[in-house]
Amino acid sequence: GFFAVGSGAAFLIAQLVDIVVFNALRNRRWWVAPLMSSSVGSVLDTAIFFTVAFSAALPHDANTGWANEAVPLLGQGPITALWVSLATADWMVKMSLAILALVPFRLIVRNLLRAERTI
């Protein structure tokens, strides 16, 4: 239940905000809109999903109780709930992929603009 609700809500809200941010920043340097929209969208997606799916503030059953076990953040930082550590790792992967995707994004946009000028 909470996984589906968290996943659906996170995806919908994050995607809509991602579009709004991208459109607001599209006339800046080529990398600003995709990087900032991905950053904001990733934070929202991660925060909403993990909070709804695992937060102790919501009623959960024994299947998700493990997520509130106290562990060091990312295995080395301050003590926090396991779900917070997992959410942080998830966000870091999303941001790494967003940064790595900037190069192909730039190449695709540049080639599309070049093709548009030849028409």
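Presented here is an overview of the structure given in this document. Note that the structure is predicted; figures quoted are calculated from it, not measured.

A few words on the overall build of the protein chain. A tally of regular secondary structure across the protein chain gives three helices and two strands. When its helices and strands are written in sequence order, the protein chain yields α-α-β-β-α. Here the protein chain has a C-alpha radius of gyration of 18 Å; the compact-globule value for 119 residues is 14 Å, and the former is much larger. Across the 119 residues in the protein chain, those meeting the buried criterion constitute 26%. Contacts in the protein chain between residues at least 24 apart in sequence constitute 50% of all its contacts with a sequence separation of at least 6. Accessible area for the protein chain stands at about 7,800 Å²; split by element, carbon and sulfur atoms hold 70% of it.

A separate point is helix α1 (residues 2-25). With 24 residues, α1 ought to run about 34 Å at 1.5 Å a step, and its terminal C-alpha atoms sit 34 Å apart, in line with that. Looking at α1, one finds that the buried residues are Gly 6, Ala 10, Ala 14, Asp 18, Val 21 and Leu 25. Structurally, α1 contributes buried residues whose contacts are with α2 (32-54).

Next up on the list: the pattern of salt bridges. With the rule as written, the count across this model stands at two salt bridges. For the salt bridge of Asp 90 with Lys 94, the shortest nitrogen-to-oxygen distance reads 2.9 Å. Of this pair, Asp 90 and Lys 94 both sit in helix α3 (residues 82-118), separated by four residues, roughly a single helical turn. Owing to a relative accessible area of 22%, Lys 94 belongs among the partly exposed residues under this scheme. Through salt bridges with shared partners, one network takes in Asp 45, Asp 90 and Lys 94.

Okay, a nonpolar patch on the surface next. On the surface, a cluster of nonpolar side chains totalling about 370 Å² of accessible area is made up of Leu 12, Ile 13, Leu 16 and Ile 19. Of note, Leu 12 is situated in helix α1.

On to the environment of Ala 33. In this structure, Ala 33 sits in helix α2. Residues Ala 33 and Thr 51, spaced 18 residues apart in sequence, show a C-alpha to C-alpha distance of 27 Å. Here Ala 33 is in contact with Phe 22, Leu 25 and Arg 26, once residues within four sequence places are set aside.

Membership of the largest hydrophobic core is limited to seven residues, which are Phe 50, Ala 53, Phe 54, Ala 67, Ala 81, Trp 83 and Ala 87. Secondary-structure elements contributing two or more residues to this core are α2 and α3. Broken down by element, the residue count for this core peaks at three residues, all from α2.

Each value, and the rule that gives it
Residues numbered from 1 in each chain as written. Predicted model: local features only at pLDDT ≥ 70, side-chain atom pairs only at ≥ 80, totals over all residues. Heavy atoms only, no water. Helix = DSSP H or I, 4+ residues; strand = E, 2+ residues; numbered from the N terminus. Rg over C-alpha atoms; globule rule 2.2 N^0.38 Å. Buried < 20%, exposed > 50% of the residue type's maximum accessible area, 1.4 Å probe, protein only. Contact = heavy atoms within 4.5 Å. Areas by Shrake-Rupley, 256 points an atom, 1.4 Å probe, with all protein chains shown as cover. Expected span 1.5 Å × (residues − 1). Salt bridge = Lys/Arg side-chain N within 4 Å of Asp/Glu carboxyl O. Patch = residues over 30% accessible without salt bridge, like charges linked within 9 Å, V, L, I, M, F, W, Y side chains within 5 Å. Core = buried A, V, L, I, M, F, W, Y, C linked by side-chain atoms within 4.5 Å.

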